[in-house]
Amino acid sequence: MPSGQRTTTVIVGAGQSGLAMSRHLADRSVDHVVLERGVVANSWRSRRASLRLLTPNWMTRLPGFAYTGPDPDGYLSAPQLARLISGYGEAAPVLTGTSVTSVRRQATGYLVDTDQGPWRTSSVVVATGAAALASVPAGLAAQVPAGVVSRTAADYRVPSDLPPGGVLVVGASASGVQIAAELRRSGRPVTLAVGEHVRVPRRYRGRDILWWMDAAGVLDDRFEDQPDPERARNLPSMQLVGSAGDPLDLNALNHLGVRLVGRFAGVRDGCAQFAGSLANVCALADLKLGRLLDRIDGWAARASVEAGRPDRPPPTLVPAPVLSAPFGGDGIRSIVWATGFRPDLSWLDVDVFDRRGRVVHDGGVTAAPGLYVLGMPFQRTRRSTLIDGAGADARELTERLTRRLVLAA
Amino acid sequence: MTTSVVDNGVNVEALLGARTAFADAPQIAQFQWRSTVSWIKGTHSRAGVETFFGFAEEQRHSTDFSFDIDHPLQFAAQDKGITPVEYVLVALGGCLTAGIAAVAQQRGIQLRSVHATVSAEMDLHGILGADPDVRNGFSGVRVEYRIDAEADRQEIEAIVAQSQKRSAVFDILTNPTAVTVSVV
């Protein structure tokens with residue numbers, strides 16, 4: 001006699017994605033439970049204090065929820081967002097303090113083991129987030145001399161976490177540029193290693209860039225229409241910061257006194273070596289930005305939107321090349337790896353991974369019947385990467401999941 | 001709207017097909033490139049390039065290629081071939097130009113002419129051991145393209161940028177590479 005409690009669907013993770021899924025399943029009267037290792041919105045509670053959402057408050061939309069606070073054009077801090085998600089999840093069937101230790105396929109359905117006992121279910125929705133673990137290039141990290149302090153964008157909190165002296169920030173994503181600026185303002189010499197990056201201005205023609213991307217349909221670009229889908233899902237986050245002030249692009253960092261160098265490529269004779277390709281990655285980013293703004297201008301003209309003048313951001317000024325910098329002493333004494341995040345699915349004992357350990361899915365539907373993922377970058381559309389994408393992706397998965405239930409009944 | 005078929009002479013379908021095949025059998029993507037070099041006299045050597053390994057088996061060029069390497073008369077040499085550093089410029093220009101053709105083909109852009117001028121600065125104090133602060137290699141490399149194509153300037157710049165992003169020789173020149181030299 002198999003033991004454990006039974007439910008139709010187990011959702012793993014009570015963040016925005018898991019709770020959006022729960023809301024849709026509840027609307028369809030699908031019996032389910034949300035298992036959460038910590039408390040609701042757990043990941044948002046562990047982020048650095050200075051972190052703010054890149055999306056304006058009015059875009060913090062979930063099924064049955066819209067922001068109605070006093071500052072629709074502001075940007076929530078991580079604690080504010082955690083409170084908001086907690087309020088949103090109050091009615092959901094969440095079991096907090098319940099860590100999933102394994103998910104295994106059974107003759108029918110799945111066995112979900114937790115530290116609070118097992119569950120049997122016909123379907124599982126993995127909603128533990130795409131940014132559970134910091135992704136650090138292991139081969140490169142292994143070359144860094146002992147004594148150099150390493151942090152990641154996930155465990156860095158404040159500048160005083162790091163020893164005095166020079167800091168190398170690796171990666172010019174949103175986290176990388178924000179952390180580089182914050183460290184520079186704390187008075188440290190900061191070197192930012194810049195690989196491929198996505199440059200966008202905070203505001204364009206008098207409106208938030210995300211207003212334009214939302215209105216012009218950029219966020220609705222579908223994954224299957226991307227000319228290079230692999231690349232689309234692996235793009236670094238947009239160089240944005242959640243504040244209405246000056247843009248935080250490479251020109252601004254250069255002006256702040258951050259030393260811009262090429263991709264961190266290796267260590268030789270106690271010196272960090274940087275790629276000589278900085279000019280090209282800047283050219284690629286400027287060209288990509290130009291195409292985005294062309295698309296926005298085209299849409300604005302067709303839709304007769306009232307907007308400010310189409311003043312383009314100036315090209316990225318590429319500083320004179322710096323190809324190496326010494327570690328230790330007066331040189332680089334600490335590193336912050338802002339080299340991306342990845343999911344932690346070590347507990348998922350179902351064969352749905354590619355050779356690089358990434359879960360293979362089509363819009364969140366895996367090859368294992370009844371196993372779904374939610375909240376992955378560019379899961380269905382560009383919007384999937386944002387909180388604002390959770391609702392539509394969860395609705396789509398709910399369609400797929402309930403259709404399967406009907407077939408099985 | 002153009003109705004003519006874009007043809008830059010690049011079989012993009014075959015290249016994309018290889019990428020798909022690699023996804024199914026990643027080990028066939030492991031290649032080894034080879035060259036032999038034999039000293040002739042003075043600074044004159046001759047390099048042969050005949051075989052390579054890839055797609056899980058030994059491969060052979062359709063012709064046995066041979067290249068003379070020397071230094072110019074100004075170096076009191078015989079100038080029987082170009083210098084090794086000039087081969088590096090040839091390799092970079094060749095790699096980027098092939099990339100431009102492939103990227104343009106994939107983007108449906110007809111090229112009419114593509115000309116690159118590749119130049120590199122070098123301070124000979126480095127290789128002569130006359131100044132320890134000067135490196136042996138190039139202090140910088142410049143590539144200037146003149147491209148005539150059925151595309152606007154922004155599209156052409158995007159092709160050139162993408163070609164650098166996907167270029168092996170650009171990567172080899174801009175990133176460190178471990179080099180092991182031994183005597184057997």
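Only a predicted model underlies this, so the values are computations on that prediction, with no experimental measurement involved.

**Student:** Just checking my understanding: could you explain the overall build of chain A for this structure?
**Tutor:** Counting its regular elements, chain A contains 9 helices and 21 strands. Radius of gyration (C-alpha) of chain A: 22 Å, near the 22 Å computed for a compact globule of 409 residues. For chain A, the spread of C-alpha atoms along the principal axes amounts to about 70 × 60 × 40 Å. Evaluated residue by residue, chain A yields a buried proportion of 51% over its 409 residues. Considering only intrachain contacts with a sequence separation of at least 6, the fraction spanning at least 24 residues in chain A is 71%.

**Student:** Even after reading the chapter, I still don't get the sheet that holds strand β8 (residues 149-152) of chain A, so can you show me in this structure?
**Tutor:** Residue and element names in this part refer to chain A. Taking strand neighbours across the sheet as the criterion, the 5 strands line up as β8-β19-β9-β10-β15 in an open arrangement whose pairing is parallel. Here the strands that pair on one side only, and so sit at the sheet edges, are β8 and β15 (259-262). Strand-to-strand, the axes of this sheet are offset by a mean angle of 25°, without reference to chain direction. As paired strands, strand β10 (residues 190-194) and β15 are joined by 4 bridges and run parallel to one another. Across the sheet, the residue bridging to Val194 is Gly262, located in β15.

**Student:** What should I look at first to understand the nonpolar core in this one?
**Tutor:** Residues and elements named next belong to chain A. Among the nonpolar cores identified, the biggest contains 32 residues, and Met21, Trp44, Leu81 and Ile85 are the most heavily contacted of them. Elements with a minimum of two residues in this core: α1 (16-27), α2 (78-88) and α9 (390-408). For this core, the element with the most residues is α2, which contributes 6 residues. Ala181, Val190, Val194 and Val336 belong to the second-largest nonpolar core, a separate cluster that totals 24 residues.

**Student:** Help me understand unusual backbone geometry, please; the structure alone is not making it clear to me.
**Tutor:** Trans is the common state for peptide bonds, and a negative phi is the common state for residues other than glycine. Residue and element names in this part refer to chain B. The backbone phi angle of Phe55 is positive, close to 50°, even though this residue is not glycine. Turning to its location among the elements, Phe55 is positioned in the loop between β3 (44-54) and β4 (57-69). Even without being glycine, Ala76 reaches a positive phi, approximately 60°. When you line up the elements, Ala76 lands in the loop between β4 and α2 (84-106).

**Student:** What's the story with the pattern of salt bridges in this structure? I'm lost.
**Tutor:** Pairing between side chains becomes possible if they bear opposite charge and their charged atoms approach one another. Residues and elements named next belong to chain A. Tallying each qualifying case throughout the model produces 32 salt bridges over all chains. With a shortest N-O distance of 3.1 Å, Glu196 and Arg231 are connected by a salt bridge. Residue Glu196 is found in the loop between β10 and β11 (198-199), and its partner Arg231 is found in helix α6 (residues 229-234); the two are separated by 35 residues along the sequence. By relative accessible area, Arg231 is classed as partly exposed at 28%. Through salt bridges that share partners, Arg61, Asp214, Asp220, Arg383 and Asp388 make up one connected network.

**Student:** Teacher, can you tell me more about the interface of chain A and chain B here?
**Tutor:** Size of an interface: often given as the accessible area lost when the parts come together. Between chain A and chain B, the contact holds 20 residues from the first and 14 residues from the second. Taking both sides of the interface into account, the surface hidden between chain A and chain B amounts to around 1300 Å²; carbon and sulfur atoms contribute 53%. Considering only the surface of chain A that becomes buried against chain B, Asn280, Leu284 and Leu287 of chain A emerge as the three largest contributors, covering 36% of it. Taking the shortest distance from any N to any O, the salt bridge between Glu196 of chain A and Lys165 of chain B comes out at 3.2 Å.

**Student:** Before we go on, may I ask you to explain the sheet that holds strand β17 (residues 271-274) of chain A in this structure?
**Tutor:** By definition, the strands of a sheet pair up through backbone hydrogen bonds, in either a parallel or an antiparallel sense. Residues and elements named next belong to chain A. The strand order β16-β17-β18 describes an open sheet built from 3 strands, whose pairing is antiparallel. Edge positions in the sheet fall to β16 (264-268) and β18 (324-326), since each has one partner strand and no second. Between one strand axis and the next, the sheet turns by 25° as a mean value, whatever way the strands run. Relative to β17, β16 is paired through 4 bridges, and the arrangement is antiparallel. From the neighbouring strand, Arg268 faces β17, where its bridge partner is Cys271.

**Student:** How should I be thinking about the packing of aromatic side chains in this particular structure?
**Tutor:** The relative placement of two aromatic rings is captured by the distance of their centres and the angle of their planes. Throughout the structure, instances matching the rule amount to 14 aromatic pairs over all chains. Between Trp212 of chain A and Trp299 of chain A, the ring centres sit 6.3 Å apart and the planes meet at 85°, which makes this aromatic pair edge-to-face. With a gap of 87 residues between them, Trp212 of chain A in helix α5 (residues 209-215) and Trp299 of chain A in helix α8 (residues 278-302) connect regions that are remote in the sequence. Pairing Phe31 of chain B with Trp33 of chain B gives two aromatic rings, centres 5.6 Å apart and planes at 40°, and the pair type is tilted. We classify Phe31 of chain B as partly exposed; its relative accessible area is 30%. On the basis of relative accessible area, Trp33 of chain B is assigned to the exposed category, the value being 61%. Each residue in the set Phe22, Phe31, Trp33, Phe52 and Phe55 of chain B is aromatic and connected to the rest through ring pairs, giving one cluster. The ring of Trp211 of chain A has Arg207 of chain A sitting right over it, with the charged end atom 4.1 Å from the ring centre.

**Student:** Quick question: what am I supposed to make of the domain arrangement of chain A here?
**Tutor:** All names here are of chain A. The domains assigned to chain A are domain 1 (5-132 + 343-408) and domain 2 (135-337). A C-alpha centroid distance of 28 Å is found between domain 1 and domain 2. Here domain 1 meets domain 2 over a buried area of about 2400 Å², counting both sides, of which 48% is carbon and sulfur. When the area that domain 1 buries against domain 2 is broken down by residue, the three leading residues are Arg48, Leu54 and Arg382, summing to 31%. Counting across the domain 1 and domain 2 interface gives 6 salt bridges.

**Student:** What exactly am I supposed to notice about the domain arrangement of chain B here?
**Tutor:** All names here are of chain B. Here chain B is described as being made up of domain 1 (10-82) and domain 2 (83-174). Between the C-alpha centres of domain 1 and domain 2 the distance comes to 18 Å. Domain 1 puts 13 residues into the contact, and the matching count from domain 2 is 10 residues. Taken over both partners, the interface formed by domain 1 and domain 2 buries close to 850 Å², and the fraction arising from carbon and sulfur atoms is 79%. The largest share of the area that domain 1 buries against domain 2 comes from Val10, Val12 and Ile82, three residues that together contribute 57% of it. Taken together, the connections running from domain 1 to domain 2 amount to 0 salt bridges. Counting across the domain 1 and domain 2 interface gives 1 residue pair in polar contact (both at pLDDT 80 or more). For the side of domain 1 that touches domain 2, the secondary structure elements donating two or more residues are α1 (12-24) and β4. Its residues assigned to classes, the side of domain 1 that touches domain 2 comprises 9 nonpolar, 2 polar and 2 charged.

**Student:** What is the right way to look at the packing of α8 of chain A against helix α3 (residues 153-165) of chain B in this model?
**Tutor:** Two numbers describe a pair of packed helices, the interaxial angle and the distance between the axes. Where α8 of chain A meets α3 of chain B, the closest approach of the two axes is 9 Å, and the angle between their N-to-C directions is 140°. On the basis of their axis angle, the class for α8 of chain A and α3 of chain B is oblique. Where α8 of chain A crosses over α3 of chain B, the handedness of that crossing is left-handed. Between α8 of chain A, through Asn280, Leu284, Leu287, Gly290, Arg291 and Asp294 of chain A, and α3 of chain B, the contact on the second element is made entirely by Gln154, Glu157, Ala158, Ala161, Gln162, Gln164 and Lys165 of chain B. Here the contact of α8 of chain A with α3 of chain B is built from residues that sort into 4 nonpolar, 5 polar and 4 charged.

Cut-offs and rules
Residues numbered from 1 in each chain as written. Chains lettered and ligands numbered in written order. Predicted model: local features only at pLDDT ≥ 70, side-chain atom pairs only at ≥ 80, totals over all residues. Heavy atoms only, no water. Helix = DSSP H or I, 4+ residues; strand = E, 2+ residues; numbered from the N terminus. Rg over C-alpha atoms; globule rule 2.2 N^0.38 Å. Buried < 20%, exposed > 50% of the residue type's maximum accessible area, 1.4 Å probe, protein only. Contact = heavy atoms within 4.5 Å. Pairing = 2+ DSSP bridges. Axes fitted to C-alpha atoms, helices over the stretch in contact; angles between N-to-C directions. Core = buried A, V, L, I, M, F, W, Y, C linked by side-chain atoms within 4.5 Å. Salt bridge = Lys/Arg side-chain N within 4 Å of Asp/Glu carboxyl O. Buried area = accessible area lost by both parts, 1.4 Å probe. Phe/Tyr/Trp six-rings, centres within 6.5 Å; stacked < 30°, edge-to-face > 60°. Lys NZ or Arg CZ within 6 Å of the ring centre and 35° of its normal. Domains from an automatic or database assignment. Polar contact = N/O pair within 3.5 Å; in protein donor to acceptor, adjacent residues only side chain to side chain. Nonpolar A, V, L, I, M, F, W, Y, C, P; charged D, E, K, R; others polar. Parallel < 35°, antiparallel > 145°, perpendicular 65-115°, else oblique. Left-handed = near helix turned anticlockwise from the far one by under 90°.

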